[in-house]
Amino acid sequence: MQKQQLSPKANLSLSNIVLGLWRLNDVPAREISSLIHDGLDLGITSIDEADIYGNYQSQKYFGRVLKEEPSLREKLEIVSKTAIVLPGSPSAKKGLGYYVTTENHIVHSVEQTLKDLNTHYLDLLLIHRPSPLMHPEMLDRTFHKLLKSGKVLHFGVSNFTPSQFEMLSERMETPLITNQIEWSVLHVDPIYDGTLDTCIKNQIKPMIWSPLAGGSLFSGQSERAQKVRKAMNEISAELGDPPLDQVALAWLLKHPSGPIPVIGTFQKERVLSAAKAMQLELTDEQWFQILVASQGHPMP
Amino acid sequence: MQKQQLSPKANLSLSNIVLGLWRLNDVPAREISSLIHDGLDLGITSIDEADIYGNYQSQKYFGRVLKEEPSLREKLEIVSKTAIVLPGSPSAKKGLGYYVTTENHIVHSVEQTLKDLNTHYLDLLLIHRPSPLMHPEMLDRTFHKLLKSGKVLHFGVSNFTPSQFEMLSERMETPLITNQIEWSVLHVDPIYDGTLDTCIKNQIKPMIWSPLAGGSLFSGQSERAQKVRKAMNEISAELGDPPLDQVALAWLLKHPSGPIPVIGTFQKERVLSAAKAMQLELTDEQWFQILVASQGHPMP
Amino acid sequence: MQKQQLSPKANLSLSNIVLGLWRLNDVPAREISSLIHDGLDLGITSIDEADIYGNYQSQKYFGRVLKEEPSLREKLEIVSKTAIVLPGSPSAKKGLGYYVTTENHIVHSVEQTLKDLNTHYLDLLLIHRPSPLMHPEMLDRTFHKLLKSGKVLHFGVSNFTPSQFEMLSERMETPLITNQIEWSVLHVDPIYDGTLDTCIKNQIKPMIWSPLAGGSLFSGQSERAQKVRKAMNEISAELGDPPLDQVALAWLLKHPSGPIPVIGTFQKERVLSAAKAMQLELTDEQWFQILVASQGHPMP
């Protein structure tokens, strides 16, 4: 598997597919190490985490592997996220989830993340959700401090609208080198709402969460899911019967924004299958067949 | 009360709270002078007017005070607006309100405003509503003429979408240094529709009309108003029982865009209360509690 | 009739009204030549075509006229379009229309267009619909190649959202000098959705398709069509009884974006009538009367 530079503004490349650990709590502890190694064998060198994953526990599980095998760290790019406060966490006494982007919260979150992960640095830190209270200058100062201390090498955002991204990137000196967004054959909004346009315009590659629509691709019973599955089955037959997850990923990968899917499956054969999607190429006609099936109306 | 510079592009500062005179017709003439003086005593030096307020009469009432006490003028920053033609006015013979942004209309409106106000200049003139017929070059020429003649010192807009603001500011040489918009705990659209993002991106501070939702904050019976009031009451109890108007203003003031509320109340104790909102600081959690109560769904 | 330069970025002017040939199949072959000459006599020098018009046949009909009278070519500006694949065409085997913006498709389409038209060059080539798969660098390379070979002199787009336009124009060296969009008194979205703002901001004049709402202006029975017709009839009476198509075009022409309507009628008297719209000037009040009738609510 090749690597892709996220943006000409920064020297960070991720593997074409990223392993997402948000459901790491479901994995028996003894299997986590081989999960990472299986990924590495396929060329998947990039790991997606967040402080809140697994109710603040995911990074600790992953960190044990890094502690047992410290030489792993340099083979990996580790992405983590900050800004969300989960309901039930010590800072959320009112049963309400919210966002914090103060220097205090971000620095504290990163330090806890580094401690949990048993590492000295993150390759990439993302603002997990756009907070209306984000203050560009303060955020810039915070990021600069984290960069200077060596704790975080690069910065980006997640789930940002075009307007939020351009506001922040215009007013910050720190380059924001990705926007991690939800996108799949069952969720095509980013194609039309400017999100992907804004990535291309600003020369950043989007990371994609739920690139397989959380599995509803295979089992969803909505009319939409059934139509999309029918189109993908037809296309699969035309392409020599690759599994549907490969077709769904190949659909994303054909987009000129250069998307980097984050896959959350921990079954080795599924990861292997996903990796093969890199070799699968849809025709323009096949690509639009899936889009039309998903959006429910023909192209104008 | 401190002052805030509206934009690094211009040397104009307004008081942190602005007194809006759109309902000045309701005030007995003999009380207007003390209203202005009461504001000044609190540090409220900025006055918000428009040619059309009070069916074109508000500025005349205010102007009488300025005539009686000419030394007031230099202690104040006066903001006015132009572009709306009210139904029933001499230029609207069809019973239809509309907008005009021609040089002729704007210059005439400003001259009438100066005459009504008994002053030689406006500190800030706003295009009251975005007209689809605005012609940036012509507007630039008009503004330049008003600036050169000393009749208007600074320019801005009101009720503009991001797209309208960026179109105009991109194609005009005259800096547009504010966008006066509606925003309150009961009207949170500007947070999500790009309006506030665009202010931050363009380094202008928004002026806010109806920052207390026209009073429906205190008496509104909609489910939304009740939920927001409940949240604000809870927060008030946490903060030592400030009145709800202070909580509602403090909610706006926490936003990084640096909003400047225009308050339309003429009761001295309410103005005093509003001024105290500057000292009230909400926690992030309290801020989001109000947002969530207003939008009716938790943060994603 | 005068000509208008589409953008300061390029040396191309179109006549104030453009003749659209998408329904040329309906015209008896022997009448096409006089149709073009009638237009020329009125100063309509610009022709709007597309590879797909008339199920890929329109350009051939027009091309026969250019073959019979080669001296016509230099008197005309010819606009054509590419990127759409019609259902039923050889490249669409699945009964599904879609878009292709690959170098191969565009170059092939342009070469077929030149052959059909019996000309060596297009004055302006538009991407007919925004494809999500547009790759700015590849498109730039393709356009540069067409420009260098002399096959296409200028480039633009059609039916693009603001976000799509700014993405492409930001990342391409080739100037995009128009966006051909749908707009009429019965379809006022471009006024509010940023489309026209983006034209002004980027200093391009929009070309307008269906500027008379495909005739439903005159015969539509919807409440909206009836209200708009009523307003236009009243305004016509105020202006000395010009026909409604002139009022509808004059409404567009008053907009500061400098729109260039593409009219699709082939009746000489209708073309003549349209040309006269250039002389008709609506007042601001009349302009808003039509807008308000169409949008169904007064100006705020």
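Everything discussed here concerns the structure shown above.
Remember, it's a predicted structure, so these values are computed and weren't measured experimentally.

Enquirer: Pulling in residues and values, what's your account of the relation of the copies chain A and chain C?
Expert: Note on the copies: chain A fits chain C at an RMSD of 0.0 Å, the axial shift is 0.0 Å, and the rotation between them is 120°. Given the turn and translation reported, the copies of this chain are related as if by a three-fold rotation axis. Rotation axis and chain A: the residue whose C-alpha lies nearest the axis is Ser163 of chain A, separated from it by 6.1 Å.

Enquirer: Go over the interface of chain A and chain C, please, and point to the residues and values.
Expert: Often the size quoted for an interface is simply the accessible area lost on bringing the parts together. In this complex, chain A contributes 22 residues to the contact, which on the side of chain C involves 23 residues. Buried surface at the junction of chain A and chain C, summed over both partners, amounts to about 2000 Å²; 63% is from carbon and sulfur atoms. Interface area lost by chain A to chain C is led by Lys201, Glu285 and Phe288 of chain A, which between them contribute 33%. Linking chain A to chain C there are three salt bridges. Across the salt bridge formed by Lys94 of chain C and Glu234 of chain A, the nearest N and O atoms sit 3.7 Å from each other. Across the chain A-chain C interface, the total number found is nine residue pairs in polar contact (both at pLDDT 80 or more). Going through the elements one at a time, α8 (195-201), α10 (223-238) and α13 (284-295) of chain A are the ones with two or more residues in the side of chain A that touches chain C.

Enquirer: Summarise the packing of α10 of chain A against α13 of chain A; cite the residues concerned and give the values.
Expert: All names here are of chain A. Where α10 meets α13, the closest approach of the two axes is 8 Å, and the angle between their N-to-C directions is 165°. Taken together, the axes of α10 and α13 lie roughly antiparallel to each other. At the point where α10 passes α13, the crossing takes the right-handed sense. Contact residues: Arg224, Lys227, Val228, Ala231, Met232, Glu234, Ile235 and Glu238 in α10; Gln286, Gln289, Ile290, Ala293 and Ser294 in α13. Grouping the constituent residues of the contact of α10 with α13 by class yields six nonpolar, three polar and four charged.

Enquirer: Which residues make up the packing of aromatic side chains, and what values do they have?
Expert: All names here are of chain A. For the structure on display, the rule yields 21 aromatic pairs over all chains. On the numbers, 6.0 Å between centres and 65° between planes, the contact of Trp183 with Trp251 is edge-to-face. Separated by 68 residues along the polypeptide, Trp183 in the loop between β10 (176-182) and α7 (189-192) and Trp251 in helix α11 (residues 244-253) bring together distant segments of the chain. The same class applies to Trp183 and to Trp251, which are both buried.

Enquirer: Which residues make up the layout of surface pockets, and what values do they have?
Expert: Of the volumes computed, that of the second largest pocket is approximately 960 Å³. If you go around the second largest pocket, you meet 46 residues; those closest to its centre are His135 of chain A together with Leu253, Lys254, His255 and Pro256 of chain B. Looking at the lining of the second largest pocket, the elements with two or more residues in it are α5 (136-148) of chain A together with β1 (3-5), α8 (195-201) and α11 (244-253) of chain B. Residue contributions to the lining of the second largest pocket peak at six residues, all from α5 of chain A. Here the residues of the lining of the second largest pocket sort into 23 nonpolar, 15 polar and eight charged.

Enquirer: Tell me about the interface of chain A and chain B, and name the residues and values.
Expert: Counting residues at the interface gives 23 residues for chain A, matched by 22 residues for chain B. Roughly 2000 Å² of surface becomes buried between chain A and chain B when both sides are summed, with 63% attributable to carbon and sulfur atoms. Between Glu166 of chain A and Lys201 of chain B there is a salt bridge, and its shortest N-O distance comes to 3.7 Å. The tally of links from chain A across to chain B stands at nine residue pairs in polar contact (both at pLDDT 80 or more). Of all the elements in the fold, those that place two or more residues in the side of chain A that touches chain B are β7 (98-99) and α6 (162-171) of chain A. Per-element tally for the side of chain A that touches chain B: the top contributor is α6 of chain A, with six residues. Looking at side-chain class alone, the side of chain A that touches chain B contains 10 nonpolar, seven polar and six charged residues.

Enquirer: Before we move on, could you go through the pairing of strand β10 (residues 176-182) of chain B and cite the residues and values that matter?
Expert: Residues and elements named next belong to chain B. Of all seven residues that make up β10, six are buried, and the element is covered over most of its length. Where strand β9 (residues 155-158) meets β10, three bridges bridge the pair, whose relative direction is parallel. Looking at β10, one finds that Phe155 is bridged to Leu176. Chirality of the crossover, the property in question, places the unit of β9, helix α6 (residues 162-171) and β10 among those that are right-handed. Bridging between β10 and strand β11 (residues 207-209) involves three bridges; their strand directions are parallel. Looking at β11, one finds that Gln180 is bridged to Met207.

Enquirer: Now, about the sheet that holds β11 of chain B: what can you tell me, with residues and values included?
Expert: All names here are of chain B. Pairing is parallel around the closed barrel formed by eight strands, whose spatial order is β3-β4-β5-β8-β9-β10-β11-β12. Shown here is a sheet whose adjacent strand axes are inclined to one another by a mean of 30°, direction ignored. As paired elements, strand β5 (residues 77-82) and strand β8 (residues 124-127) share four bridges and run parallel to each other. Bridging across to β8, Val79 finds its partner in Leu124.

Enquirer: I'd like a rundown of helix α11 (residues 244-253) of chain C, residues and numbers included.
Expert: What sets the pattern is the α-helix's 3.6 residues per turn: residues three or four places apart point alike. Burial of α11 of chain C is extensive: nine of the 10 residues sit out of reach of the surface. All buried positions along α11 of chain C are accounted for by Leu244, Asp245, Gln246, Val247, Ala248, Leu249, Ala250, Trp251 and Leu252 of chain C.

Enquirer: Before we move on, could you go through the sheet that holds strand β5 (residues 77-82) of chain A and cite the residues and values that matter?
Expert: All names here are of chain A. With parallel pairing, eight strands are arranged side by side around a closed barrel as β3-β4-β5-β8-β9-β10-β11-β12. Across the sheet, the axes of successive neighbouring strands diverge by a mean angle of 30°, strand direction being ignored. As defined by bridge partners, strand β11 (residues 207-209) adjoins strand β12 (residues 260-263) across two bridges and the pair is classed as parallel. From the neighbouring strand, Met207 faces β12, where its bridge partner is Ile260. Helix α4 (residues 103-117) contacts β5 and β8 (124-127) of the sheet and is inclined by roughly 140° relative to β5.

Enquirer: Just give me the short version of the environment of Lys227 of chain B, but keep the residues and values in it.
Expert: Residues and elements named next belong to chain B. Mapped onto the elements, Lys227 comes out in helix α10 (residues 223-238). Looking at Lys227, the relative accessible area reads 40%, which means it is partly exposed. Along the backbone, Lys227 and Val292 are 65 residues apart, and their C-alpha atoms lie at a distance of 9.4 Å.

Enquirer: Before we move on, could you go through helix α5 (residues 136-148) of chain B and cite the residues and values that matter?
Expert: Helix length check: α5 of chain B, at 13 residues, gives a terminal C-alpha distance of 18 Å against a target of 18 Å (1.5 Å per residue), a fit within 8%. Within α5 of chain B, the full set of buried residues consists of Pro136, Leu139, Asp140, Thr142, Phe143 and Leu146 of chain B. The buried residues of α5 of chain B all sit within an arc of 165° when viewed along its axis, so they share a single face. Within α5 of chain B, the exposed residues directed more than 90 degrees away from the buried face are Arg141 and Lys148 of chain B. Residues of α5 of chain B that are buried make contact with α4 (103-117), β8, β9, α6 and β10 of chain B together with α8 (195-201) of chain C. Count one or two residues on from α5 of chain B and you reach Gly150 of chain B, which has phi positive near 80°.

Each value, and the rule that gives it
Residues numbered from 1 in each chain as written. Chains lettered and ligands numbered in written order. Predicted model: local features only at pLDDT ≥ 70, side-chain atom pairs only at ≥ 80, totals over all residues. Heavy atoms only, no water. Least-squares fit on C-alpha atoms with pLDDT ≥ 70 in both. Contact = heavy atoms within 4.5 Å. Buried area = accessible area lost by both parts, 1.4 Å probe. Salt bridge = Lys/Arg side-chain N within 4 Å of Asp/Glu carboxyl O. Polar contact = N/O pair within 3.5 Å; in protein donor to acceptor, adjacent residues only side chain to side chain. Helix = DSSP H or I, 4+ residues; strand = E, 2+ residues; numbered from the N terminus. Axes fitted to C-alpha atoms, helices over the stretch in contact; angles between N-to-C directions. Parallel < 35°, antiparallel > 145°, perpendicular 65-115°, else oblique. Left-handed = near helix turned anticlockwise from the far one by under 90°. Nonpolar A, V, L, I, M, F, W, Y, C, P; charged D, E, K, R; others polar. Phe/Tyr/Trp six-rings, centres within 6.5 Å; stacked < 30°, edge-to-face > 60°. Buried < 20%, exposed > 50% of the residue type's maximum accessible area, 1.4 Å probe, protein only. 1 Å grid on protein atoms, 1.4 Å probe; cavity = no way out; pocket = protein on both sides within 12 Å on 5 of 7 lines; lining within 4 Å. Points joined across faces, edges and corners; volume = space filled by probe spheres on them. Pairing = 2+ DSSP bridges. Right-handed = clockwise from strand over helix to strand, strands pointing away. Expected span 1.5 Å × (residues − 1). Arc of directions from axis to C-beta.

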